[in-house]
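What follows is the residue order along each chain.
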Amino acid sequence: MRPRAWCGVLAAVALSATACGGGGGEAKKADDAGAAAGAKAGFPVSVSDCTGAKTTFDAAPQRIVTSNAAGLELLMWLGAGDKVVGTGFPPGKGALPGEYAEAGAKVPVLGKTVIPKEKLLGSGAQVYIDSFSSMKNMGKMGDAPTAEEFKAAGIRHVFLKSTACAAMSKSARTDLSGVEADIEELGKVTGTSRRATELVEGMRKKTGEVREALKDVPEDKRPTYFLFDFDAGTKQPMAVCNRQVANAVITQAGARNVFADCEGDFKPVGWEDVVAKNPQWIQLAVRNRGSQEANDKAFDEAAAFLKSFPATAGLDAVKEGRFLRIGSERTTIGGVRSADTVREIAHTLHPDRVK
């Protein structure tokens, strides 16, 4: 059996750490330039955290730190990647879209996993983009700074609410509106709202086409679906519940998450629970290993486990090889490519309808 890797649900594959440097004079010039451009970019703007507390920005930040590759990728899509001065959970080779791979590899790594508290507070960042609800939830690998400590360090704390606030949501997530809101909010913060609008419109076009193609497929005729988070461990499977982004992706793709009745984001379940659900399709969700060859090997290992494990070997989906090989990050962490994941799943499950 594999040990549970609680961070596997949300983390990007880590590379080696590098030092984070910066010059005070250059940072001051960047701050001044950002302030001068603020009024022209529609500032001031206010954003909220998971509890609704507001943070106001008078200008676009010039020094940003991201908790993991999810925030980093979003900033690159928005055209603000050059403002990132450090990240945790850095993207593995091949994890970022090709056009951003080179720039992503140059971002200083402040932590191979969770950024150590002292390093984060001393990073010189003006903003910390956080994909996690609490660092204490990430396998006790670090303690999150308090609101007072962030304030003392001059760091604004911005959450990607589609992931960080998922467990606090009062209703099931069945579409990508939360992800789209994150993109629009980051666009406001970084002064790239026009680009954010373009990205969201592109996502809505893709998901809208899928929705139209599947509009006459009754809910009870849509195939059941289990996301097997291989890297969360095989001793006890981790269910994707109805507040998680993956539930929205699965639902929009025309499938029924077998654990959609689970309140929250993630929940450990038993293999007997999976067997009782008898999913028609199983996603082999593995973290990006850094190369296609390594990813294929991990997918093969996940499939081999399900075929050899007595509890799952008899499932129809396993016997008939109804597997989807889609990385966990692309499904459980919201981003621009979430719409592509919707289309990929929909095409696999409904090939005659979604080309």
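Up top you'll find the structure we're talking about.
Residues numbered from 1 in each chain as written. Predicted model: local features only at pLDDT ≥ 70, side-chain atom pairs only at ≥ 80, totals over all residues. Heavy atoms only, no water.

## Points about the state of the cysteines
To be explicit about the condition: By definition, disulfides here are pairs of cysteine sulfur atoms that lie within 2.5 Å. Note on conventions: DSSP H or I runs of at least 4 residues are helices, E runs of at least 2 residues are strands, and numbering of each starts at the N terminus.
All chains considered together, the criterion is met by two disulfides. The partner cysteine of C50 in its disulfide is C165, sulfur to sulfur 1.9 Å. Sign of the S-S torsion, about -75° for the bond between C50 and C165, identifies this disulfide as left-handed. Of this pair, C50 sits in the loop between β1 (45–48) and β2 (54–57) while C165 sits in the loop between α6 (161–164) and α7 (177–190); the two residues are 115 residues apart in sequence, bridging distant segments of the chain. The disulfide that involves C241 links it to C262, with 1.8 Å between the sulfurs.

## Examining the sheet that holds strand β5 (residues 109–111)
Quick reminder of the rule: Should DSSP find at least two bridges between two strands, the strands are regarded as paired. Axis definition: a line fit to C-alpha positions, over the contact stretch in the case of helices; interaxial angles, taken between N-to-C directions, run 0 to 180 degrees. Two residues qualify as a contact provided that any one of their heavy atoms is within 4.5 Å of a heavy atom in the partner residue.
Spatial strand order, β5-β4-β3-β6-β7: five strands in an open sheet with parallel pairing. A strand with exactly one partner marks an edge of an open sheet, and here the two such strands are β5 and β7 (156–159). Across this sheet, the average inter-strand angle for adjacent strands is 25°, counted without regard to direction. Of the strand pairs in this sheet, strand β4 (residues 84–88) and β5 are connected by two bridges, and their pairing is parallel. Considered in β5, the bridge of T87 is made with V109. Strands β3 (64–66), β4 and β6 (127–130) of the sheet are contacted by helix α2 (residues 69–78), whose axis makes an angle of about 150° with β4.

## A look at the pairing of β1
Look at any regular strand and the pattern is simple: side chains alternate between the two faces of the sheet. Two elements, β1 and β2, share four bridges in a ladder whose sense is antiparallel. By the bridge assignment, S46 is partnered in β2 with T56. Once β1 ends, the chain turns through five residues before running back antiparallel as β2, passing G52 with a positive phi of about 95°.

## So, the packing of aromatic side chains
Selection rule: Aromatic rings from Phe, Tyr and Trp, taking only the six-membered ring of Trp, are treated as a pair when their centres fall within 6.5 Å; an angle between ring planes under 30 degrees marks them as stacked, one over 60 as edge-to-face, and anything in between as tilted. Whether a residue is buried, partly exposed or exposed follows from its accessible area with a 1.4 Å probe, protein chains only, as a fraction of its type maximum: under 20%, in between, or over 50%, in that order. In this scheme, Lys NZ or Arg CZ marks a charge over a ring once it lies within 6 Å of the ring centre and within 35 degrees of the ring normal.
All told, the structure shown has 11 aromatic pairs when counted by the stated rule. Seen in terms of ring centroids, Y128 and F150 are 5.9 Å apart; in terms of plane orientation they differ by 25°. Their pairing is stacked. One end of the pair, Y128, is in strand β6; the other, F150, is in helix α5 (residues 147–152), and 22 residues separate them in sequence. Residue classification places Y128 among the buried residues on the basis of a relative accessible area of 1%. When its relative accessible area of 4% is taken as the criterion, F150 is described as buried. Seen in terms of ring centroids, F226 and F259 are 6.0 Å apart; in terms of plane orientation they differ by 65°. Their pairing is edge-to-face. Here F226, found in strand β8 (residues 224–229), pairs with F259, found in the loop between β10 (256–257) and β11 (266–268); they are 33 residues apart in sequence, far enough to count as distant. An identical accessibility class is assigned to F226 and F259; each is buried. Lying across the ring of F57, R156 places its NZ or CZ 5.2 Å from the centre.

## A look at helix α9 (residues 245–252)
Rules: For this analysis, a polar contact is any N or O atom pair within 3.5 Å, provided that within protein one partner can donate a hydrogen and the other can accept it, and provided that sequence-adjacent residues contribute only side-chain to side-chain pairs.
By the criterion of burial, α9 is predominantly enclosed, with seven of the eight residues buried. Among all positions of α9, only V245, A246, N247, A248, V249, I250 and Q252 are buried. At the N-terminal boundary of α9, the capping side chain belongs to Q244, with an oxygen 2.7 Å from the backbone nitrogen of A246.

## Describing the nonpolar core
Short version of the rule: In this text, buried Ala, Val, Leu, Ile, Met, Phe, Trp, Tyr and Cys residues form a nonpolar core when linked through side-chain atoms within 4.5 Å.
F57, I129, L176, I183, Y225 and I345 are the most contacted members of the largest nonpolar core, which totals 52 residues. Of all the secondary-structure elements, those providing two or more residues to this core are β1, α2, β6, α7, α8 (193–213), α9 and α15 (338–349). A total of seven residues in this core trace back to one element, the largest contributor, which is α2. Core analysis: the next-biggest nonpolar cluster, separate from the first, contains 25 residues, C241, W271, A303 and V318 among them.

## Here's the deal with the packing of α2 against α7
Our working definition: Oblique is the label for every angle not falling under 35 degrees (roughly parallel), over 145 degrees (roughly antiparallel), or within 65 to 115 degrees (roughly perpendicular). Two helices cross in a left-handed way if the nearer one is turned anticlockwise from the farther one by less than a right angle. They cross in a right-handed way if the turn is clockwise.
One can describe the packing of α2 onto α7 by two numbers: an axis separation of 10 Å at closest approach and a directional angle of 65°. On the basis of the axis angle, α2 is roughly perpendicular to α7. Helix-helix and strand crossings are classified by hand; for α2 and α7 the assignment is right-handed. Here L74, L75 and L78 of α2 come into contact with α7, specifically with I183, L186, G187 and T190.

## Considering the environment of A260
Take A260: it is sitting in the loop between β10 and β11. A260 gets classed as partly exposed once you look at its relative accessible area, which sits at 33%. Sequence separation between A260 and N247 is 13 residues; the distance between their C-alpha atoms is 7.0 Å. Setting aside residues no more than four positions away along its own chain, A260 makes contact with N242 and N247.

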